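Breakdown of the fold
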Amino acid sequence: MLEHYFTCPYCWENISMLLDNSIPNQKYIEDCEVCCNPIQISLRFINSELQHFQADSIGQ
């Protein structure tokens, strides 16, 4: 597991998330721990190293 910090696309707070580096490509939705809005997370690991991370708001 890797702890990764990023900015929420809704409330602009700096939040952290634990990422599972045993799964190379991931895309899922998780709620912000501050404002509770849904964030679409997409990430990619290569050889257990984070190569890409993106956190987007979901148009509602």
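Quick notes on the rules
- Residues numbered from 1 in each chain as written.
- Predicted model: local features only at pLDDT ≥ 70, side-chain atom pairs only at ≥ 80, totals over all residues.
- Heavy atoms only, no water.
- Pairing = 2+ DSSP bridges.
- Helix = DSSP H or I, 4+ residues; strand = E, 2+ residues; numbered from the N terminus.
- pLDDT = per-residue confidence, 0-100.
- Disulfide = S-S within 2.5 Å.
- Phe/Tyr/Trp six-rings, centres within 6.5 Å; stacked < 30°, edge-to-face > 60°.
- Buried < 20%, exposed > 50% of the residue type's maximum accessible area, 1.4 Å probe, protein only.
- Contact = heavy atoms within 4.5 Å.
- Polar contact = N/O pair within 3.5 Å; in protein donor to acceptor, adjacent residues only side chain to side chain.

1. Some details on the pairing of strand 4 (residues 38-46)
Two elements, strand 3 (residues 25-31) and strand 4, share 7 bridges in a ladder whose sense is antiparallel. Paired with Asn 25 across the strands is Arg 44, a residue of strand 4. Hairpin connection from strand 3 to strand 4: 6 residues lie between these consecutive antiparallel strands, with Cys 36 at a positive phi of about 70°. One ladder, built from 8 bridges, connects strand 4 with strand 5 (residues 49-57); its direction is antiparallel. By the bridge assignment, Ile 41 is partnered in strand 5 with Ala 55.

2. Observations concerning the confidence of the model for the protein chain
Chain-level statistics for the protein chain give a pLDDT mean of 95 and a share of 98% at 70 or above. When mean pLDDT is taken per element in the protein chain, strand 4 scores highest with 97 and strand 2 (residues 14-19) scores lowest with 95.

3. Some details on the state of the cysteines
For the coordinates displayed, the defined rule picks out 0 disulfides. Cys 11 takes part in no disulfide bond, and the closest cysteine sulfur to it belongs to Cys 8, at a distance of 3.7 Å.

4. Some points on the packing of aromatic side chains
Per the stated rule, a full pass over the model turns up 1 aromatic pair. Plain terms: the ring middles of Phe 6 and Phe 53 are 5.0 Å apart, the flat faces sit at 45° to each other, and that makes the pair tilted. Separated by 47 residues along the polypeptide, Phe 6 in strand 1 (residues 2-7) and Phe 53 in strand 5 bring together distant segments of the chain. Phe 53 carries the same exposure label as Phe 6, and that label is buried.

5. Overview of the environment of Asp 20
You can see Asp 20 is positioned in the loop between strand 2 and strand 3. For Asp 20, a relative accessible area of 26% corresponds to the partly exposed category. Considered as a pair, Asp 20 and Ile 41 are 21 residues apart in the sequence and their alpha carbons are 13 Å apart. For Asp 20, the contacting residues outside a window of four places in its chain are Met 1, Gln 26 and Phe 45. At 2.6 Å, the side chain of Asp 20 forms a polar contact with the side chain of Ser 22.

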